[in-house]
Amino acid sequence: MKKTAGISLMLLIFLSLCLITFSLLSLSGATADAKLAQNSAERTTEYYAAVTEANEILNEIDTQLAAAWREVQTGSDNEDADRNAAAAIGAYADACSKIAASDEALTWTAKSKEELSSEGADSTVIGTLQYEVSVKEEQLLFVELSVLWPESGSDTFYQIISWQIVSTVDWSADTSQNLYRTGTAG
């Protein structure tokens, strides 16, 4: 009888150790999943906070572009339509540069006066506005807009060219490969 009691006890100890090991592995996996979910929630919150800020800037740009377009339209008369259209486009481009100058976060790149005058009223793209919003310390939300010359006040004043997350740190790959050790006797 003693032989069966010893085997039963050893089996019970082995099963207990297996259950403890599996429970610790489950706890470890659950803890890792909780950390991953927390990091994902933080990144998502930071991203959408940056998107909200970028949209607020975009709304302000839209308002200022609409005001600049209305101002240019009220200042033109209809004597020479082609010359007035080119002058209005030039005045609108100048107003866009003033918008960018009023906010240091904005960068304005205008088409040259020669490009604008050669394209005339057929040109719809006046230049580009760019700005960045910080997502994290090593990431930015980069926004680039193509500023348009609308035919009427109900048309759009810009087209989004780029809306992307950009890393601010340089990534360098580890290309070292220690596959064979020299000088070891074996």
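Counting restarts for each chain, with residues numbered from 1 along the sequence as it is written. Only residues with pLDDT of at least 70 are given local features in this predicted model, and only at 80 or more are side-chain atom pairs given and counted; all residues enter the totals for whole chains, interfaces and linings. As a convention, hydrogens and water are excluded, and side-chain values are obtained from all of the structure's heavy atoms.

> Explain the overall build of the protein chain residue by residue, including any values.
A run of DSSP states H or I qualifies as a helix once it reaches four residues; a run of E qualifies as a strand once it reaches two. Both are numbered from the N-terminal end. Across its full length, the protein chain holds three helices and four strands. Counting helices and strands in the order they occur from the N terminus, the protein chain gives α-α-β-α-β-β-β. The cut-offs for exposure are 20% and 50% of the maximum accessible area for each residue type, with area from a 1.4 Å probe on protein chains only; residues under the lower value are buried, those over the upper are exposed, and the others partly exposed. Of all 186 residues assigned to the protein chain, the portion counted as buried reaches 25%. The criterion used for residue contact is that any of the two residues' heavy atoms lie within 4.5 Å. Pairs at least 24 apart in sequence give 51% of the contacts found in the protein chain among residues at least 6 apart. Exposure was quantified through the Shrake-Rupley algorithm and a 1.4 Å probe, taking into account, for residues, occlusion by the shown protein chains and nothing else. A total accessible area of about 13500 Å² is found for the protein chain, and carbon and sulfur atoms account for 55% of it.

> Quick rundown of the sheet that holds strand 3 (residues 139-148)? Include the residues and the values.
Whether two strands pair depends on DSSP finding at least two bridges between them. Overall, antiparallel pairing links the four strands, which are arranged 1-2-3-4 in an open sheet. Strands with a single pairing partner mark the edges of an open sheet, and in this sheet they are strand 1 (107-110) and strand 4 (158-167). Strand after strand, the sheet turns through a mean of 20 degrees between neighbouring axes, direction not considered. One ladder, built from four bridges, connects strand 1 with strand 2 (residues 125-136); its direction is antiparallel. Opposite Trp108, over in strand 2, you have Leu129 as the bridge partner. Helix axes are fitted to C-alpha atoms over the stretch in contact, other axes to C-alpha atoms as well, and angles between N-to-C directions run from 0 to 180 degrees.

> Summarise the nonpolar core; cite the residues concerned and give the values.
In this structure, Tyr92 and Tyr131 are the most contacted members of the largest nonpolar core, which totals 32 residues. When residues of this core are traced back to their parent elements, those giving at least two are helix 1 (2-74), helix 2 (81-102), strand 2 and strand 3. When residues of this core are assigned to their parent elements, the largest contribution, eleven residues, is made by helix 1. Setting aside anything within four residues of it in sequence, one finds Tyr131 in contact with Ala54, Ile57, Leu58, Ile61, Ala105, Leu106, Leu141, Phe142, Val143, Leu145 and Trp163. In plain words, nonpolar cores are sets of buried Ala, Val, Leu, Ile, Met, Phe, Trp, Tyr and Cys residues tied together by side-chain atoms within 4.5 Å.

> Before we move on, could you go through the environment of Lys111 and cite the residues and values that matter?
Within the secondary structure, Lys111 sits in the loop between strand 1 and helix 3 (113-119). Considered as a pair, Lys111 and Ala93 are 18 residues apart in the sequence and their alpha carbons are 8.4 Å apart.

> An account of a nonpolar patch on the surface is needed here, citing residue identities and associated values.
The patches described consist of residues with a relative accessible area above 30% and no salt bridge, like charges being joined within 9 Å and nonpolar side chains (Val, Leu, Ile, Met, Phe, Trp, Tyr) within 5 Å. Between Lys or Arg on one side and Asp or Glu on the other, a salt bridge is scored when a side-chain nitrogen of the former is within 4 Å of a carboxyl oxygen of the latter. Among the surface-exposed residues, Leu9, Leu12, Ile13 and Leu17 lie close enough to one another that they form a single nonpolar patch of about 400 Å² accessible area. On the secondary structure map, Ile13 appears in helix 1.

> I'd love a proper account of the pairing of strand 2, names of residues and values included.
Across ten bridges, strand 2 lies against strand 3 in antiparallel orientation. Paired with Leu129 across the two strands is Leu145, which belongs to strand 3. Taking the residues between adjacent antiparallel strands as the criterion, strand 2 and strand 3 are bridged by two residues.

> A description of the environment of Trp69 should follow, citing residues and the corresponding values.
Position of Trp69 among the secondary structure elements: in helix 1. On the accessibility criterion, Trp69 (9% relative accessible area) is buried. Linking Trp69 and Ala91, residues 22 residues apart in sequence, is a C-alpha distance of 9.0 Å. We call two N or O atoms a polar contact when they sit within 3.5 Å, provided that within protein one can donate a hydrogen and the other can accept it, with sequence-adjacent residues counted only if both atoms are side-chain atoms. Engagement of the side chain of Trp69 in a polar contact is seen with the backbone oxygen of Pro150, the distance being 3.3 Å.

> Give me the lowdown on the side chain of Ser162, citing residues and values where you can.
By the element assignment, Ser162 lies in strand 4. Residues contacting Ser162, with those up to four places away along its chain left out, are Phe142, Val143 and Glu144.

> Give a description of the environment of Ser102 that names residues and reports values.
Structurally, Ser102 can be placed in helix 2. Assessed through its relative accessible area of 57%, Ser102 is described here as exposed. Separated by 2.6 Å, the side chain of Ser102 and the backbone oxygen of Ile99 make a polar contact.

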